[in-house]
Amino acid sequence: MERMIDLSEATAPLLHSDPGRVAYARFDADPDLLVIPVVNGDRVPVGLVERTRFALKMAGQFGREVFAGRPVSLSMDSEAVVIEGEMPLAEFMSHHLQDRPADLLKGFVVTRGGIYAGVGTALSLLQAQNARISAQAA
């Protein structure tokens, strides 16, 4: 049984007080980085910064001047999907594909006991599905 923790990536989180320029530098340094989790001082997830939405904010008129020095919490999605890592992948897929399908495109945060453990994206879900199909074919 695949669990959510199995397909998550342990991306280093940002603190909610980190300036936006830190997120910008992380996205700039890693073209494959799609989301960055945001946590409080206790590593409890408080949001998610999604690459495309963040880039649009930064690209707007005065965007860098406004968001680079302010806390990243002003640029994050504070209503990101947060999932306990032990949840079976099948349960996650059936629940969220029906209730909040658009949220899966933004990414999701995976926790262990309420503490940040990793992130996932629609791409990680597709990769898990591909691995499952390949294993069944073999």
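Just above sits the structure.
Residues numbered from 1 in each chain as written. Predicted model: local features only at pLDDT ≥ 70, side-chain atom pairs only at ≥ 80, totals over all residues. Heavy atoms only, no water.

Section: the nonpolar core
Residues Ala23, Phe27, Ile36, Val49, Phe54 and Val72 are the most contacted members of the largest nonpolar core, which totals 13 residues. Listing elements by their share of this core, those giving two or more residues are α2 (20–29), β2 (35–39) and α3 (51–59). Not counting the four nearest positions on each side in its chain, valine 49 is found in contact with Phe27, Leu34, Val35, Ile36, Val38, Phe54, Val72 and Met76. Membership of the second largest hydrophobic core comes to twelve residues, among which are Leu7, Val81, Ile83 and Val110. (Core = buried A, V, L, I, M, F, W, Y, C linked by side-chain atoms within 4.5 Å. Buried < 20%, exposed > 50% of the residue type's maximum accessible area, 1.4 Å probe, protein only. Helix = DSSP H or I, 4+ residues; strand = E, 2+ residues; numbered from the N terminus. Contact = heavy atoms within 4.5 Å.)

A closer look at the environment of valine 46
Counting through the fold element by element, valine 46 comes out in strand β3 (residues 45–50). Judged by its relative accessible area of 26%, valine 46 falls in the partly exposed class. Along the primary structure valine 46 and valine 109 are separated by 63 residues, whereas in three dimensions their C-alpha atoms are 9.4 Å apart. Each residue touching valine 46, except ones within four places of it in the same chain, is listed here: His16, Val38, Val39, Asn40, Met76, Asp77 and Ser78.

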